[in-house]
Amino acid sequence: MARRYDKTAAKRNDDLGRTTIFSPEGRLYQIEYAMEAISHAGTVLGVLAKDGVVLAAEKKVTGKLLDLSSAKDGGYGGSGEKIYLLNSNVIGGVAGLTADANSLVNYARSAAQQHLLNYNEDIPVELLAQRLCDMKQGYTQYGGASYPYPLVLYSASAYYQLTTPPLARTGLRPFGVSILYAGYDPHYHFQLYHSDPSGNYSGWKATCIGANNGTAQSLLKQEYKDDISVKDAVGLVLRTMSKTMDSTTLGSEKLEFAVLTLDPTTKQPRAKIYRPSEIDALLLSEGLTKKDEDDAEMKPAASA
Amino acid sequence: METSFALTGKGYLIMAADTTAARSIVKMKVDEDKIKALSPHLLMAYSGEPGKTRDTVQFAEYVERNIRLYQIRNLYPLRPAAAASWIRRALATSLRSRKPYSVNLLLGGYDTATHDPHLYWIDYLGTMTEVPFAAHGYGAYFALSLLDRYHDPEATLEEGLATLRRCLDEVAKRLVVSPGKYKVKIVDKDGVREVEL
């Protein structure tokens, strides 16, 4: 019989700074716990349309006394809890530990800028997702973000870097964050990706992370149509959010919202993260305001 | 003397480079290929200062391998503009090193994302500019005025090749040390191919 799962050995490994070791069933508990943490976080929902991508997120940190004055104006929109601009062509929606997410957002922005510096183009969306996943995966294995090979070979004299082994790192736990990436690049046009703490990523037409993601995904599965327009996707996202969120009232104090489209004149991606006032105006125009929550909730959007 | 030309047309790019490898006043070789296909839709003509032939080959191979590495790692190849930016940076970094490469490049490709040809003129100082037609070497003194007069971005492939022919003929007629033979390559939506003029 195989060796029993030795808790003292696991403890010893933890003391040595190893993030994760396999259980006898072949599972990585730290990763599963991280995913569990995410399934309690605020919902983030994304829908890919033929002419854009829509993201919406449920804010958890709310309250009368919370100072939200910085979200009203200043910045680039959004209230900085769940939806971030990662690059001019990518919006990220995060679910999980906010502090971990901040660190990943920082990393993503740096990776995007590094690509811009080297290639003078916006980073392709899948590449950005890969960069973050490489780091996330590192924390499930050797506990660190050191890249096994250099991102860029600047000059011929940098060849030696190819043979430099990765630095030993000792992280303590994986990132407790799942991310939705809504982006555009000339290779595959609009895209929606999801990445989880294990470093897996996948592309989606519509998906959801965080609390009640199962419910939301089955709703999306029923309602999603191929070649849906952004306008319809906005309605679909808001309706799905209103059904899956804990509170029955949709409003800017509980919701973050963003849309990525192409600028009709310049044909460049245009990321719009809505401000609280704009979210309220949008909910009003979609007929999903607080007052008539009961009948608006279940009715499919009239515009569809 | 080393000479290279390139011009864009409707949905294609033509690149030509002489095939002589010389050392001092001696022709060592007359069938040297100085145009590398960096990816299925990307061509690079490289030439250098006289007597620094190894420099150009070394740098071209370095670029070739790195562009290939990017493609293997990231599933899709670099677009021409991105490749040009990366190469320019490699040259600019090299210029500021102890032993810089003195390589002049023409980088041309067909962008499969936007379906149009792009051409970049790059010199050993790390200067880069996007142009409709370009030339390096002594041939440039004769060809650029011809290209000013005859280049048409909407020209068909046959018209484009005829314009190139004019340039090569003029160089053959007027340049004291004119090269004898050229290699001509085309890149379009179907990829890279070589043609005989």
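Chain B carries the name Proteasome subunit beta in an unreviewed UniProt entry, which gives Psilocybe cyanescens as its organism. On record in UniProt, under Function (unreviewed entry), the comment for chain B is "Component of the proteasome, a multicatalytic proteinase complex which is characterized by its ability to cleave peptides with Arg, Phe, Tyr, Leu, and Glu adjacent to the leaving group at neutral or slightly basic pH. The proteasome has an ATP-dependent proteolytic activity."

Per an unreviewed UniProt entry, chain A goes by Proteasome alpha-type subunits domain-containing protein and derives from Psilocybe cyanescens.

Novice: Even after reading the chapter, I still don't get the overall build of chain A, so can you show me in this structure?
Specialist: Counting secondary structure elements, chain A contains nine helices and ten strands. In chain A, buried positions account for 50% of the 304 residues. For chain A, the proportion of contacts with a sequence separation of at least 24, taken over those separated by at least 6, is 66%.

Novice: Which parts of the structure should I look at to understand the overall build of chain B?
Specialist: The helix and strand tally for chain B stands at four helices and twelve strands. Over its C-alpha atoms chain B spans a radius of gyration of 16 Å, differing by no more than 12% from the 16 Å that the globule rule assigns to 197 residues. Taken along its principal axes, the extent of the C-alpha atoms in chain B is 45 × 40 × 25 Å. Residues counted as buried form 54% of the 197 residues belonging to chain B. With the model as given, the accessible surface of chain B reaches about 9,400 Å², and the carbon-plus-sulfur share is 52%. Within chain B, one finds 27 positive and 24 negative side-chain charges whose respective centroids are separated by 6 Å.

Novice: Help me out: how do you make sense of the pattern of salt bridges in this one?
Specialist: Opposite charge on two side chains permits pairing when their charged atoms draw close. In total, this model carries 21 salt bridges over all chains according to the counting rule given. Across the salt bridge formed by Glu32 of chain A and Arg27 of chain A, the nearest N and O atoms sit 2.9 Å from each other. Among the salt bridges present, the one from Asp190 of chain B reaches Lys189 of chain B, with a minimum N-O distance of 3.6 Å. The residues Asp190 of chain B and Lys189 of chain B share a single accessibility class, namely exposed.

Novice: Please clarify how the pairing of strand β10 (residues 269-273) of chain A should be interpreted in this entry.
Specialist: Looking along a regular strand, one sees the side chains alternate between the two faces of the sheet. All names here are of chain A. The sheet contact formed by strand β9 (residues 255-262) and β10 spans five bridges and is antiparallel. Along β10, the bridge assignment pairs Leu260 with Ala271. Here β9 folds back onto β10 in antiparallel fashion, the turn holding six residues, of which Lys267 has a positive phi close to 60°.

Novice: Sorry if this is basic, but what is going on with helix α4 (residues 157-174) of chain B here?
Specialist: Residues that lie three or four places apart on an α-helix share one face, since the helix turns once every 3.6 residues. Residues and elements named next belong to chain B. Under the 1.5 Å per step criterion, the end-to-end length of α4 is 26 Å for 18 residues, consistent within 8% with the ideal 26 Å. Three or more residues of α4 are buried, namely Leu157, Gly160, Leu161, Thr163, Leu164, Cys167, Leu168 and Val171. For α4, the arc enclosing every buried residue in end-on projection is 155°, short of the 170-degree limit, so these residues lie on one face. In α4, the exposed positions angled more than 90 degrees off the buried face are occupied by Glu158, Lys173 and Arg174. Buried residues along α4 sit in contact with β1 (3-9), β2 (12-18), α3 (139-150), β11 (182-188) and β12 (191-195).

Novice: Quick question: what am I supposed to make of the side chain of Thr261 of chain A here?
Specialist: Structurally, Thr261 of chain A is set in strand β9. Those residues within four positions of Thr261 of chain A in sequence are excluded, and the remaining contacts are Asp51, Gly52, Phe190, Val230, Gln268, Pro269 and Arg270 of chain A.

Novice: Even after reading the chapter, I still don't get the nonpolar core, so can you show me in this structure?
Specialist: Taken as a class, soluble globular proteins show a tendency for nonpolar side chains to be buried jointly. If you look at the biggest cluster of nonpolar residues, it comprises 49 residues, and the most contacted ones within it are Phe59, Ile87 and Leu107 of chain B. Leave out the neighbours within four places in its chain, and Phe59 of chain B touches Ile87, Ala90, Leu91, Tyr101, Val103 and Leu105 of chain B.

Novice: Where do I start with the sheet that holds strand β5 (residues 177-185) of chain A in this structure?
Specialist: Where strands meet in a sheet, backbone hydrogen bonds hold them as pairs that are either parallel or antiparallel. All names here are of chain A. As summarised here, the arrangement of the five strands in space is β3-β4-β5-β6-β7, forming an open sheet in which the pairing is antiparallel. At either margin of the open sheet sits one strand with a lone partner, and together these are β3 (83-87) and β7 (201-203). This sheet shows a mean twist of 25° between the axes of neighbouring strands, independent of strand direction. Strand direction decides the pairing type here: strand β4 (residues 90-96) and β5, joined by seven bridges, are antiparallel. Note that in β5 the partner of Gly96 across the bridge is Val177. Along the sheet face, helix α4 (residues 98-119) touches β3, β4 and β5 and points at about 20° away from the line of β3.

Novice: Please clarify how the sheet that holds strand β5 (residues 35-39) of chain B should be interpreted in this entry.
Specialist: Residues and elements named next belong to chain B. Here we have five strands laid out as an open sheet, ordered β5-β6-β7-β8-β9, and antiparallel in their pairing. At either margin of the open sheet sits one strand with a lone partner, and together these are β5 and β9 (128-130). Averaged over all adjacent pairs, the angle separating strand axes in this sheet is 20°, with direction ignored. Judged from the seven bridges that link them, strand β7 (residues 103-111) and strand β8 (residues 116-122) form a sheet pairing that is antiparallel. The residue of β8 that forms the bridge with Leu106 is Trp121. Across the sheet, helix α1 (residues 53-74) is in contact with β5, β6 (42-48) and β7; its angle to β5 comes to roughly 15°. Helix α2 (residues 80-95) rests against β5, β6, β7, β8 and β9 of the sheet, and its axis sits at about 165° to β7.

Novice: What is the right way to read the pairing of β2 of chain B from this model?
Specialist: Residue and element names in this part refer to chain B. With respect to burial, β2 is a largely interior element, seven of its seven residues being buried. Every second residue of β2 is oriented toward a common face, with Tyr12, Ile14, Ala16 and Asp18 on one face and Leu13, Met15 and Ala17 on the other, all of them buried. One ladder, built from six bridges, connects β1 with β2; its direction is antiparallel. Considered in β2, the bridge of Ser4 is made with Ala17. Linking β1 back to β2 in an antiparallel pair, the connection comprises two residues, with Gly11 at a positive phi of about 80°.

Novice: Help me understand the environment of Phe175 of chain A, please; the structure alone is not making it clear to me.
Specialist: Residue and element names in this part refer to chain A. Note that Phe175 resides in the loop between α5 (125-141) and β5. Sequence separation between Phe175 and Thr140 is 35 residues; the distance between their C-alpha atoms is 9.1 Å. Setting aside its immediate chain neighbours within four residues, Phe175 contacts Ala34, Asp100, Ser103, Leu104, Met135, Lys136, Tyr139 and Pro197.

Novice: Hey, could you run me through the packing of aromatic side chains in this one?
Specialist: Geometry of an aromatic ring pair is reported as the spacing of the ring centres plus the angle between the planes. For the structure on display, the rule yields twelve aromatic pairs over all chains. For the ring pair Tyr139 of chain A and Phe175 of chain A, a centre distance of 4.9 Å and an interplane angle of 70° mean the geometry is edge-to-face. Separated by 36 residues along the polypeptide, Tyr139 of chain A in helix α5 and Phe175 of chain A in the loop between α5 and β5 bring together distant segments of the chain. Here Tyr139 of chain A matches Phe175 of chain A in class, with each residue buried. Lys272 of chain A extends its terminal NZ or CZ atom over the ring of Tyr274 of chain A, reaching a point 5.0 Å from the ring centre. Seen from the ring of Tyr150 of chain B, Arg149 of chain B lies directly overhead, with NZ or CZ sitting 4.9 Å from the centre.

Calculation rules
Residues numbered from 1 in each chain as written. Chains lettered and ligands numbered in written order. Predicted model: local features only at pLDDT ≥ 70, side-chain atom pairs only at ≥ 80, totals over all residues. Heavy atoms only, no water. UniProt positions renumbered as here; feature names shortened; annotations may be inferred. Helix = DSSP H or I, 4+ residues; strand = E, 2+ residues; numbered from the N terminus. Buried < 20%, exposed > 50% of the residue type's maximum accessible area, 1.4 Å probe, protein only. Contact = heavy atoms within 4.5 Å. Rg over C-alpha atoms; globule rule 2.2 N^0.38 Å. Areas by Shrake-Rupley, 256 points an atom, 1.4 Å probe, with all protein chains shown as cover. Lys, Arg positive; Asp, Glu negative; His and termini not counted. Charge placed at Lys NZ, Arg CZ, Asp CG, Glu CD. Salt bridge = Lys/Arg side-chain N within 4 Å of Asp/Glu carboxyl O. Pairing = 2+ DSSP bridges. Expected span 1.5 Å × (residues − 1). Arc of directions from axis to C-beta. Core = buried A, V, L, I, M, F, W, Y, C linked by side-chain atoms within 4.5 Å. Axes fitted to C-alpha atoms, helices over the stretch in contact; angles between N-to-C directions. Phe/Tyr/Trp six-rings, centres within 6.5 Å; stacked < 30°, edge-to-face > 60°. Lys NZ or Arg CZ within 6 Å of the ring centre and 35° of its normal.

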